Amino acid sequence: MIEVTLKRELNNMLSALNIGDVPDITIEAPRQADHGDYATNVAFKLAPAFKKSPKQIAEQLVADWNSNYAAKMGLQASSLNGFINFKWTVGALQSKLVHFFDDEFKYAIAPKKILLEYVSANPTGPLHIGHGRWAVLGDVTARLLQVVGHEVSKEFYINDAGNQINILYDSVAAAREGKPIPENGYHGHYIKELAELDVDPVEYMVEHQQNVLASIDVEFDQWFSEKSLYADGRVDRGLQAVRDSGYGYDADGALWFRSTDFGDDKDRVLIKSDGSKTYFAVDVAYHYDKINRGYDKLINIWGADHHGYVARVKAALAALTDKDEDKLSIIIGQLVSLYRNGEQVRMSKRTGDMITLEDVIAEIGGDATRFFLIHKSADTQLDFDLGVATAQSSDNPVYYIQYGHARICSLLAKVEQELSIVPSSVKMLAFAEEIHPNEHQLAMHILRLPQEIELAATQLKPHTIANYVLELGRYFHSFYESCPIVSCEHDATRVWRIKLAYQTREAMQYCLSILGVSAPERM
RNA sequence: GCGCCUGUAGCUCAGCUGGAUAGAGCAACGGACUUCUAAUCCGUAGGUCGUAGGUUCGACUCCUACCGGGCGCACCA
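All of these numbers come straight from a predicted model, not from anything done at the bench.

## Considering the domain arrangement of chain A
Right, on to step 1. Here chain A is partitioned into domain 1 (2-88) and domain 2 (397-515).
Right, on to step 2. Listed as interface residues are eight residues of domain 1 and, on the opposing side, five residues of domain 2.
Right, on to step 3. Counting the surface lost from both domain 1 and domain 2, the interface buries some 600 Å², and carbon and sulfur atoms represent 51% of this.
Right, on to step 4. At the surface where domain 1 touches domain 2, the tally comes to zero salt bridges.
Right, on to step 5. On inspection of domain 1 and its partner domain 2, the count reaches two residue pairs in polar contact (both at pLDDT 80 or more).
Right, on to step 6. At the level of elements, helix H1 (2-16) and strand S4 (83-88) are the ones that each hand at least two residues to the side of domain 1 that touches domain 2.
Right, on to step 7. Looking at side-chain class alone, the side of domain 1 that touches domain 2 contains five nonpolar, no polar and three charged residues.

As structure tokens, then:
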């Protein structure tokens, strides 16, 4: 990765100058593009120890870099306000870009076996848009983690035991017998539909959820049944593990877990005084089972309506793993509000029930559904406007990106047809002295891709990829408008631009496949 | 009352784990199609980063308090 190489060379230079390793050196994009392509804060970090201004230090380091390292790296240094900026020589930038996808990216990440659990909706009703968000969040996160080298197992936990399930059975049974649905039962329109089918309601709902998720390419490696934990005694083994850990105790006729030892607000009941188990008890057993399956890392994605549950489950994991606080990460996805042309919608016109994920997919399509649900940080509540998502216009970011991709495809096809140049294998004729600012901007953005991916993966922030590819599209469209290709009369420039367009498409496809959004060749 | 998330342009949001003059899109206004897809591009305008303190050479970013929004606080699942 270029940023890593640059940092290494910078450290080489510092040790050659008898300055030890400086921690916290950052290599980042300068705020303004005309400052350079990379910037470092190293002079600020050295200033206190050397009792000199960052400006002075930066100037000295720049001089040393330019005489000893600049030519080798193809990066010319300059300093401004204490920052050291590096700028590609045009030839080096072109050469780097042209060979950028020759080898697979190498990420400085130790591969792990990861279990990613997400959605895990109760099979007592249809999926809603929030489930869609956890689904896309989980699916993209999984793809991202796989791309950087982890082994990821995707799991859906089916809550097919317990009270809610009984209530579902009771509700459907009542509907089948023509009796009124119990007060505390499920009243949605889907209950009537279930009643008319000769099916097991739970099995049917699970299958239905699977189909809806599969329709937007959200697939799982395991569908883990809660019931199966009871069937072969794993619930009891999990509870025994809590007792063995020393964090279980009996009081008031119940079995408690001392979660307050791990920062929870209060201790939690595992076995109630009537002898039945709490939902939490089963969840502890489930997570105990996950540990025993030999994963290095567990990640759960939950909706914000479950965040009150985080502390106790993390506490249980800590108790069962000898205080390994990092074993489990829980990502909380904030809730989604649906709008249509600025007005909030809650009900489906078709059924009169809540708008389901299936409704949304049917209305706006899989690509738009995935993109809209992934392109904002999971930490913020999402306002999802169905009107915008359907609009086939510039305010729709999905079409904007896909249009960019289609444009490249048709452009490259034209190049091949009219100029008899094969974009995938054409060789550069010469490196240039100067390139158009839009070419530079686009090329730089592509070179930043691996770092973007690594950051998104390590910080578990998949939405940054959506923003990256959106910006990539923007830079491409600008380049496209300002830099003619087919009609370009300068051969070397033309070949370079063909290469640039080709590499842009590579980068787009790389990102879109992580996002699970299609890359159409024609629109 | 306590906990988690959140407050950035009229609207929806970025802001790369403390760096340079805070950025996009939409909406508004003005331009560009006989020329590689105008589902596009170029330009103008738009800001006390909720408020007040603090830490720092440097704060949208970290800390404290307060204000506003969302969600959650069961021997329910």
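Additional details are given in the paragraphs that follow.
## Notes on the pairing of strand S8 (residues 248-251)
Right, on to step 1. As paired strands, S8 and strand S9 (residues 254-257) are joined by four bridges and run antiparallel to one another. Residue pairing across strands places Asp250 opposite Leu255, the latter belonging to S9.
Right, on to step 2. Between S8 and S9, which follow one another and run antiparallel, lie two residues, and Asp252 among them has a positive phi close to 50°.

## Side note on the pairing of S9
Right, on to step 1. Going residue by residue along S9, you find Ala254 and Trp256 tucked away on one face and Leu255 and Phe257 tucked away on the opposite face as well.
Right, on to step 2. Taken together, the three bridges between S9 and strand S10 (residues 268-271) define a ladder with antiparallel strand orientation. Among the inter-strand pairings, Phe257 is bridged to a residue of S10, identified as Arg268.

## Observations concerning the side chain of Glu117
Right, on to step 1. Along the chain, Glu117 falls in strand S5 (residues 113-117).
Right, on to step 2. The buried category is assigned to Glu117, whose relative accessible area is 4%.
Right, on to step 3. Discounting residues that sit within four places of it in the chain, Glu117 has contacts with Glu155, Tyr157, Tyr286, His287, Lys290, Ile299, Asn300 and Ile301.

What counts and what doesn't
Residues numbered from 1 in each chain as written. Chains lettered and ligands numbered in written order. Predicted model: local features only at pLDDT ≥ 70, side-chain atom pairs only at ≥ 80, totals over all residues. Heavy atoms only, no water. Domains from an automatic or database assignment. Contact = heavy atoms within 4.5 Å. Buried area = accessible area lost by both parts, 1.4 Å probe. Salt bridge = Lys/Arg side-chain N within 4 Å of Asp/Glu carboxyl O. Polar contact = N/O pair within 3.5 Å; in protein donor to acceptor, adjacent residues only side chain to side chain. Helix = DSSP H or I, 4+ residues; strand = E, 2+ residues; numbered from the N terminus. Nonpolar A, V, L, I, M, F, W, Y, C, P; charged D, E, K, R; others polar. Pairing = 2+ DSSP bridges. Buried < 20%, exposed > 50% of the residue type's maximum accessible area, 1.4 Å probe, protein only.

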